[in-house]
Amino acid sequence: MSTTTAEPAARANPTRRAWRPWGVIAWASALVFAAPVLWMVLTSLHSEPDAATNPPSLLAPLTLDGYADFFGGIGGAGPWPPLVNSFSASIGSTVIVLLLAIPAAYALSIKPVERWTDVLFFFLSTKMLPVVAGLLPIYLVAQFSGMLDNISFLTLLYTSMNLPIAVWLMRSFLAEVPREILEAAAIDGAGLITTLRRVVAPIAMPGIAATALICFIFSWNELLFARVLTGVVAGTAPVYLTGFVTSQGLFLAKVCAAAVVVSLPVLIAGFAAQDKLVQGLSLGAVK
Amino acid sequence: MALETAPPPTRAGASSTGRSGPGLDRAARWARRAPLLPALIFTIIVTQLPFLATLGISFLRWNLSDPDDRGFAGLDNYAAVFSDPALRDSVVNTVVLTAVVVVVSLVLGLGLALLLDQRFFGRGAVRTMLIAPFLVVPVAAALLWKHALFNPEFGLLNGGLTWLGGVFGFDAPQPEWISDMPLTAVIVSLVWQWTPFMMLILLAGLQSRPMDVVEAAAIDGATGFQVFRHLTFPHLRRYLELGGLLGSIYIVQNFDAVFTITGASLEAANLPYQIYQTFYKAQDYGRASAAGVVVVVGSIIIATFALRTVSSLFKAEEGR
Amino acid sequence: MLGREEGKPMRSHLRFAAAVAAAGLTAAACSGAGGGGSSDDAQSINVLMVNNPQMVDLQKLTADNFTRDTGITVNFTVLPENDVRDKISQDFSSQSGQYDVATISNYETPIYAKNQWLAPLDDYVEGDPAFDQADILPPIAESLKAEDGKIYAEPFYGEASMLMYRKDVLEAKGVRMPAKPTWQQVADIAARVDGAEAGMKGICLRGLPGWGELMAPLTTVVNTFGGTWFTEDWQARLNSPEFKEATNFYVDLVREHGQPGAAQSGFAECLNSMTQSKVAMWYDATSAAGQLEADGSPVKGKLGYAQAPTVRTEASQWLYTWAFGVQKASRKQDAAWKFISWASGKGYEELVGDTQGWAKVPDGKRSSTYANPDYLAKGGSFAKSVEEAIKGAKPDDPGVQRRPAPGIQFVGIPEFTDLGTQVSQRVSAAIAGGKTVDEALEESQGLAEKVAEKYRK
């Protein structure tokens, strides 16, 4: 859990402490919002017939059959290849994004190029173009270069998908490095590398972590490219998940189990770093 | 720690050094640009070239199910796009979907953020529970809503109604959520996912209020509502705009929820879905590309306004 | 506020970043080694299938039987029907050769063959007498040939449509189902058995948009009401009185006595409703019978089967088959045929019967199946009805007028996937109550006329 959650409490206006009902309302809304997630987890632990009853059977006996079905696969290799694909595409693209975005952010903040705001807005504008409009040429390129069903190609696309956000984020973090410190370092005769390592890196490290988290989540969640461009070997976890909706009777528990497993990395990462998530999602504008 | 307190020094430094082109020699300028170039070139190649290709293809007669009939089509594809009522409907759906989801989740997010700004037992747990919807993989969330919640026979919603009916002894209605209101169904699931996001941004905004002023106002006898109306809300405006903008960027493009929840229901089909269908079902590459180009042009127009908003957000930051 | 990190030790961030970087390098290394490795191995083929239960059984049985005997590994991609159609058309139309074999139907086969996306199988069939092509039911075999008379796909299972009903429920209500009912009789029975048990509706009819979902049963109803999509000289007829009458009949029936959530229910949802006793009748594919009568099905043994209901025609059932086609761009066609010969062969039906139960046999494609005593003993209640329905299907003459293209529940032209889907969306909206049938069909007529124009030239 975030270290910062305790802090606002201390700042909250003491005069408002009288409003006791707020706590009750807050808990009630939290339960409403969390209910579908809790229901997903509960359903994943029920047997298929218990999962499909009306009214719902809350107290039905718990079983791990849904998870066994999921990990047993539908006869094939099971969920491991898609999960590994998702991890390698998400983590691989996150690393490349950071390698590209950090120098770029440096050139947009600490030692800015001319017209750096235009460059920055160019990056953001690419996020506003509909992905689906570029799908066809990308598919054709993949086909003619033999990159269809190749996780490296997907990694590259995820890199381009996340790079603009990462550049914005990293720029806003690097912009926080105080000028005076940089100048002081320069006067002390520190070289570029030393300055980066000793001065910039410690200040930017939380930002890098936030950026990495966001890039990871967006890559992990991506469905459209993955569904169009992958097939036998490079399918990702979200694509695999959609394959569980079968026409053979009941599948609810299995789908919920699959949904829980596929969401787990994001849930863990997101809960562990809630404050980073906010920074990241707001392009670093909210800190 | 938020927008307004972002460091002015860099800005000042940036504009003084950034514009001093003539003073720097060529080599120095390129040395400055060097770190930027890999990212910039990569982005141009991967995001801009495909759109140029799309533009080119949009003038071709190229339907895969008609392999012998290929050639230059002029503006035929555009004529087909503009005369297609389904596409026009999907524009409306896209606008409605985006606007409603953004506004409703902003309002709900604001309410929740105000709640979370209070002190009460178990605040950390409440915050964690409220964030959960945003952390469910979108396609998993869509499958969850479609099959486990909206399903008219054994979904949780109708199941809950039956249960209530049993408890209070009335004949529980069993609405067919997705069939009767496909667009609303998609909207509900997206509001559920995006409210936490808006809440997080607005909470950050609330907690960056200058508390001394709020306290002074309280001491002067201002009511809670007056504080909200005259201090909190103006302060939050920028965060509301930011949330609205970012939400719009992502929700306009939504594909997973529309595709998964409503299948091919016409009443919920948005633009990304329509283009996808032309590309996949009709295999009409020319028409799909023309539709893509139209959407891109529309996006550029909207994005210009959106970018101006962001730009003003950051100008405000600069100004302080 | 958030992000006020001054007091927090930096080390944890460094560790986090280091861990991310390390994991990334590992992942990059893995993907480098594993990427795209499968396609060069001659002893493995890639198969793209719809995730129907019969295919899921096939997937389970392949490794321990086919791969064990031949040494050929089969990599399956199994997707829901709508997704799989998208993927197949994408892969085959671009001839990217990702998949060697895919499940296609009698709709796609002639069209794909004409576009040269499929490899002809005649030579393989001749060189493989054990496969016994003559055993394939004639309407099915014919429907998998192209204009040039060559064979382009081999059936995995075949189906017609028929009316399935709960004998016990009808009996309790004192209703008798004729062997060859008319649609009016079916509508009357639906009204009488509606509510026969708590939560039970009269009939299940597909309402889910999709040319292969709602459009299939609806088009058979249109045919027997005397309607057609196109006249022989390519005039669209979706706003003709017959087409409207049939569609109104269908929409009214499902709205009044149909399953809940009709506009979103397809084959899968109806199968579920029937299994769970939520409906008393169901007009759909004969292949559903095997699942309704499978071990563990709560309605096993309670079902009766009648011919597809008619009005103006002798018969109205559709003909459909999921079949295996080989992509022309595939470089492993020999291995692909070995797989097809095994999966579509007689031996595979025996294997399924022995290991999975006779009700699960992928039937409806071979005469020998209907002479197999084991199969008849276990699937006896529906076997005869299914065989008759398939043999009686007339893809070239399904209605009261001559047609410009083959197909019963579809029009055998490439534009139909898009057209059929768009029309089905509108009719589905009418089932949901968002449009009237007339509105839906007037709009659809415009779409169909555009297609017809192309063919009139």
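Residues numbered from 1 in each chain as written. Chains lettered and ligands numbered in written order. Predicted model: local features only at pLDDT ≥ 70, side-chain atom pairs only at ≥ 80, totals over all residues.

### A short note on the overall build of chain C
Next up, step 1: Along the backbone of chain C there are 17 helices and eight strands.
Next up, step 2: The C-alpha radius of gyration computed for chain C amounts to 25 Å, which stays within 12% of the reference 23 Å derived for 457 residues, consistent with globular compactness.
Next up, step 3: For chain C, the C-alpha atoms occupy an extent of roughly 75 × 70 × 55 Å along the three principal directions.
Next up, step 4: Buried positions account for 57% of the 457 residues belonging to chain C. (Helix = DSSP H or I, 4+ residues; strand = E, 2+ residues; numbered from the N terminus. Rg over C-alpha atoms; globule rule 2.2 N^0.38 Å. Buried ≥ 20, exposed ≤ 12 C-beta atoms within 10 Å, placed from the backbone.)

### Quick word on the interface of chain B and chain C
Next up, step 1: Taken together, the contacts link 26 residues of chain B with 30 residues of chain C.
Next up, step 2: Secondary structure elements with two or more residues in the side of chain B that touches chain C: helix 5 (85-116) and helix 9 (177-180) of chain B.
Next up, step 3: Split into classes, the residues belonging to the side of chain B that touches chain C amount to 12 nonpolar, eight polar and six charged. (Contact = placed C-beta atoms within 7 Å. Nonpolar A, V, L, I, M, F, W, Y, C, P; charged D, E, K, R; others polar.)

### Things to note about the packing of helix 2 (residues 21-44) of chain A against helix 5 of chain B
Next up, step 1: Two elements in contact, helix 2 of chain A and helix 5 of chain B, have axes separated by 9 Å at closest approach and are oriented at 130 degrees. Here helix 2 of chain A is positioned oblique relative to helix 5 of chain B, judged by the angle of their axes. For helix 2 of chain A against helix 5 of chain B, the interelement crossing comes out left-handed. Residue-level contacts link W22(A), I25(A), A26(A) and S29(A) of helix 2 of chain A to L112(B), L115(B) and L116(B) of helix 5 of chain B.
Next up, step 2: Residue composition of the contact of helix 2 of chain A with helix 5 of chain B, by class: six nonpolar, one polar and no charged. (Axes fitted to C-alpha atoms, helices over the stretch in contact; angles between N-to-C directions. Parallel < 35°, antiparallel > 145°, perpendicular 65-115°, else oblique. Left-handed = near helix turned anticlockwise from the far one by under 90°.)

### Quick word on the environment of K360(C)
All names here are of chain C.
Next up, step 1: Inspection of the secondary structure assignment puts K360 in the loop between helix 14 (346-356) and helix 15 (373-392).
Next up, step 2: Here the alpha-carbon distance between K360 and G379, two residues 19 residues apart in the chain, equals 9.1 Å.
Next up, step 3: The contact partners of K360, leaving out residues within four places of it in the chain, are D57, G290, A294 and V352.

### Some thoughts on the domain arrangement of chain C
Residue and element names in this part refer to chain C.
Next up, step 1: Each domain of chain C was delimited in the assignment, giving domain 1 (41-158 + 320-391) and domain 2 (160-318 + 395-456).
Next up, step 2: Centre-to-centre, using C-alpha coordinates, domain 1 lies 26 Å away from domain 2.
Next up, step 3: Across the boundary between the two partners, domain 1 contributes 22 residues, which contact 23 residues of domain 2.
Next up, step 4: When residues in the side of domain 1 that touches domain 2 are grouped by element, the largest group, seven residues, is from helix 15. (Domains from an automatic or database assignment.)

### Overview of the packing of helix 2 of chain A against helix 13 (residues 252-272) of chain A
Residue and element names in this part refer to chain A.
Next up, step 1: Running from N to C, helix 2 and helix 13 cross one another at 120 degrees; their axes reach a closest spacing of 7 Å. Here helix 13 runs oblique to helix 2, going by the angle between their axes. Handedness of the crossing formed by helix 2 with helix 13: left-handed. Here helix 2 contributes M40, V41, T43 and S44 to the contact with helix 13, which in turn contributes L252, A253, C256, A257, A259 and V260.
Next up, step 2: Each residue belonging to the contact of helix 2 with helix 13 can be placed in one class, and the counts come to eight nonpolar, two polar and no charged.

### So, the nonpolar core
Next up, step 1: Counting 324 residues, the largest nonpolar core has A101(A), A259(A), M164(C) and F339(C) as the members making the most contacts within it.
Next up, step 2: Among the elements that make up this core, the one with the highest residue count is helix 10 (residues 182-206) of chain B (17 residues). (Core = buried A, V, L, I, M, F, W, Y, C linked by C-beta atoms within 7 Å.)

### Re the confidence of the model for chain B
All names here are of chain B.
Next up, step 1: Counting all residues, the mean pLDDT for chain B is 82, and 90% of those residues have values of 70 or more.
Next up, step 2: For chain B, helix 1 (residues 8-18) is the element with the lowest average pLDDT, namely 40, and helix 7 (residues 138-149) is the one with the highest, namely 93.
Next up, step 3: Across residues 1-21, confidence stays below pLDDT 50; counting only partners more than four residues off in sequence or on other chains, it has 40 contacts. (pLDDT = per-residue confidence, 0-100.)

### Brief notes about the interface of chain B and chain A
Next up, step 1: Chain B puts 102 residues into the contact, and the matching count from chain A is 95 residues.
Next up, step 2: Per-element accounting of the side of chain B that touches chain A gives the leading share, 13 residues, to helix 15 (residues 285-319) of chain B.
Next up, step 3: Along the lines of polarity and charge, the residues of the side of chain B that touches chain A split into 68 nonpolar, 24 polar and 10 charged.

### Remarks on helix 14 of chain C
In an α-helix, one turn spans 3.6 residues; hence positions three or four apart end up facing the same way.
Next up, step 1: Within the span of helix 14 of chain C, buried status applies to Y348(C), E349(C), V352(C) and G353(C). Each buried residue of helix 14 of chain C lies within a common arc of 140 degrees when the element is viewed along its axis, so the set occupies one face. (Arc of directions from axis to C-beta.)

### A short note on unusual backbone geometry
Residues and elements named next belong to chain A.
Next up, step 1: At R115, a position not held by glycine, the phi torsion is positive, near 55 degrees.
Next up, step 2: For R115, the location among the structural elements is in the loop between helix 5 (80-106) and helix 6 (116-128).
Next up, step 3: Since 12 C-beta atoms lie within 10 Å of it, R115 is described here as exposed.
Next up, step 4: Of note in this structure, D149 is not a glycine but carries a positive phi near 60 degrees.
Next up, step 5: Here D149 lies in the loop between helix 7 (135-144) and helix 8 (151-174).
Next up, step 6: On the basis of neighbour counts, which here come to 25 C-beta atoms within 10 Å, the residue D149 falls in the buried class.

### Points about the pairing of strand 3 (residues 101-105) of chain C
All names here are of chain C.
Next up, step 1: Extensive coverage of strand 3 is indicated by the burial of five of its five residues.
Next up, step 2: Alternating positions in strand 3 separate into two faces, V101, T103 and S105 on one and A102 and I104 on the other, with burial throughout.
Next up, step 3: Judged from the two bridges that link them, strand 1 (residues 44-50) and strand 3 form a sheet pairing that is parallel. Each residue of the ladder has a partner; that of L48, found in strand 3, is A102. (Pairing = 2+ DSSP bridges.)

### A closer look at the environment of Y152(C)
Residues and elements named next belong to chain C.
Next up, step 1: Structurally, Y152 is set in the loop between helix 6 (138-143) and strand 4 (153-166).
Next up, step 2: Residue Y152 is classed as buried on the basis of its 25 C-beta neighbours within 10 Å.
Next up, step 3: Each C-alpha atom, one on Y152 and one on S367, is 20 Å from the other, the two residues being 215 residues apart in sequence.
Next up, step 4: Among residues more than four places away in sequence, those in contact with Y152 are T109, A113, L118, P120, L121, L144, K145, A146 and G325.

### Some thoughts on the pairing of strand 8 (residues 319-326) of chain C
Residues and elements named next belong to chain C.
Next up, step 1: Burial of strand 8 is extensive: eight of the eight residues sit out of reach of the surface.
Next up, step 2: Because side chains alternate across strand 8, one face comprises the buried residues L319, T321, A323 and G325, and the other comprises Y320, W322, F324 and V326, equally buried.
Next up, step 3: Direction of pairing for strand 3 relative to strand 8: antiparallel, over a ladder of five bridges. Across the sheet, S105 pairs through a bridge with W322, a residue of strand 8.
Next up, step 4: With seven bridges connecting them, strand 4 and strand 8 associate as antiparallel partners. Bridging from a neighbouring strand, A153 pairs with G325 of strand 8.

### Notes on the environment of Y455(C)
Residue and element names in this part refer to chain C.
Next up, step 1: By secondary structure assignment, the location of Y455 is in helix 17 (residues 437-456).
Next up, step 2: Between the alpha carbons of Y455 and Q235 there is a distance of 9.4 Å; along the sequence they are 220 residues apart.
Next up, step 3: Discounting chain neighbours no more than four positions away, the residues touching Y455 are W234 and P404.

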